[in-house]
Amino acid sequence: MSLRLTPTFRAALEDADRALAGMWVCSGSPLVAEICAGAGLDWVLIDMEHAPNGLESVLVQLQAVAAYPVTPVVRVPSDDAVVIKQVLDLGAQNLLVPMVSSAAQAQAVVEAVRYPPRGRRGVGSALGRSARWNRVDGYLADADEHVSLFVQVETAGGVEAAGAIAAVDGVDGVFVGPSDLAASLGLLGQQTHPEVTAAVLRAFAAVKDAGIPVGVNAFDPEVAQSYVDAGADFVLVGADVAMLARGSEALAARWSDTGGERRAGY
């Protein structure tokens, strides 16, 4: 038996004639992931950094979304090469690595996703879903074609190094994170502050000059559109947990007479 893997997010971006819109999947629920996958968006981001996701929950979410015409990207919790190897072996074809602030760090991440001699990814294709237990012909030889790598720039230092990061061979795109960037600039919680926006746009320009796609996170539709107008190739425009929180609050405001503030945990 011979199986074929789906195209990567890199390929989807290459084929796109508009910015690709996606949403965070942070609940840890395969059911919620499947609901989001069938919504009609271009991609979903399964998060391991700030969400209650481990290897087992990521696996079942990848399986749940596989039936839908959406591209899943997994954000690993850090640049740890062991975790990257494990997530790749689960069958994740598209990775986002957070908090990358230098070209040297980006190079190390590239090496973590590539097999020797180009990298240092451990070889376990016969045991893993990545090669469908050796049912994908030539997986080891063609592994670079089956994996796309995106790195997240979200510090002041990362913005200054964005051009060098984007120029690293094997980095397929750069995703700018305004939340941590605002914190890095001393503007915690002020993602739309003019200084933060200016830093995001500086990163955009540097990545664009390097010739690879750039993305950003923006839940406010007007802010998201402004970044698309500024050249963003991919955007995250919402999150499952945020939509559930705001939606349930709207229901309570309309139908409940309890009102007022509620204490966390109650």
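Keep in mind that what you see is a predicted model, and the values were worked out from it rather than measured.

## Some remarks on the nonpolar core
Among the nonpolar cores identified, the biggest contains 56 residues, and V74, I84, L95 and V174 are the most heavily contacted of them. Ranked by residue count, the leading element in this core is helix α10 (residues 194–210), at six residues. Apart from the residues lying within four places of it in its own chain, the contact partners of V174 are F150, V151, V153, I165, A166, V207, I212, P213, V214, G215 and F234. Counting residues in each nonpolar core, the second largest holds 15 residues, with W43, A51, V73 and L236 among its members.

## Observations regarding the pairing of strand β2 (residues 43–47)
Counting buried positions along β2 yields five of five residues, so the element is predominantly enclosed. Chirality of the crossover, the property in question, places the unit of strand β1 (residues 20–25), helix α2 (residues 30–37) and β2 among those that are right-handed. Pairing analysis gives five bridges linking β2 to strand β3 (residues 71–75), with the strands arranged parallel. Bridge pairing in β3 links D47 to R75. Once you follow β2 into helix α3 (residues 55–65) and on to β3, the crossover reads as right-handed.

## Some thoughts on the pattern of salt bridges
Under the criterion given, the structure shown has 13 salt bridges. Residue R114 pairs with D144 through a salt bridge whose shortest N-O separation is 3.7 Å. Linking R114 in the loop between α5 (103–113) and α6 (143–146) with D144 in helix α6, this pair joins segments that are 30 residues apart in sequence. Close ionic contact of R246 with E249 constitutes a salt bridge, the shortest N to O distance being 2.8 Å. In this pair, R246 and E249 are both assigned in helix α12 (residues 240–255), three residues apart and thus about one turn of the helix distant. Among the residues examined, E249 registers a relative accessible area of 43% and is labelled partly exposed.

## Some thoughts on the packing of helix α4 (residues 81–89) against α5
It is the contact of α4 with α5, at a shortest axis distance of 9 Å, that shows an interaxial angle of 40 degrees. The angle between α4 and α5 places the two elements in the oblique class. Two packed elements cross with a definite hand, and for α4 against α5 that hand is right-handed. Residues A81, I84 and L88 of α4 lie in contact with α5, whose contacting residues are V109, A112 and V113. Considered class by class, the residues forming the contact of α4 with α5 number six nonpolar, no polar and no charged.

## Some points on the packing of aromatic side chains
Taken as a whole, this structure holds eight aromatic pairs when the rule is applied. An angle of 55 degrees between the planes, with centres 5.3 Å apart, marks the rings of F9 and F150 as tilted. Pair noted here: F9 is in helix α1 (residues 9–15) and F150 is in strand β5 (residues 148–153), with a separation of 141 residues, a long-range link. For the pair F9 and F150, one class covers both residues: buried. Summarising the aromatic geometry, the rings of F175 and F234 are spaced 6.0 Å apart at their centres and angled 25 degrees between planes, so their arrangement reads as stacked. Taken as a pair, F175 in strand β6 (residues 173–176) and F234 in strand β8 (residues 234–239) lie far apart in primary sequence, 59 residues in all. Taken together, the ring pairs in this structure connect F9, W43, F150, F175 and F234 into an aromatic cluster.

The rules behind these values
- Residues numbered from 1 in each chain as written.
- Predicted model: local features only at pLDDT ≥ 70, side-chain atom pairs only at ≥ 80, totals over all residues.
- Heavy atoms only, no water.
- Core = buried A, V, L, I, M, F, W, Y, C linked by side-chain atoms within 4.5 Å.
- Buried < 20%, exposed > 50% of the residue type's maximum accessible area, 1.4 Å probe, protein only.
- Helix = DSSP H or I, 4+ residues; strand = E, 2+ residues; numbered from the N terminus.
- Contact = heavy atoms within 4.5 Å.
- Right-handed = clockwise from strand over helix to strand, strands pointing away.
- Pairing = 2+ DSSP bridges.
- Salt bridge = Lys/Arg side-chain N within 4 Å of Asp/Glu carboxyl O.
- Axes fitted to C-alpha atoms, helices over the stretch in contact; angles between N-to-C directions.
- Parallel < 35°, antiparallel > 145°, perpendicular 65-115°, else oblique.
- Left-handed = near helix turned anticlockwise from the far one by under 90°.
- Nonpolar A, V, L, I, M, F, W, Y, C, P; charged D, E, K, R; others polar.
- Phe/Tyr/Trp six-rings, centres within 6.5 Å; stacked < 30°, edge-to-face > 60°.

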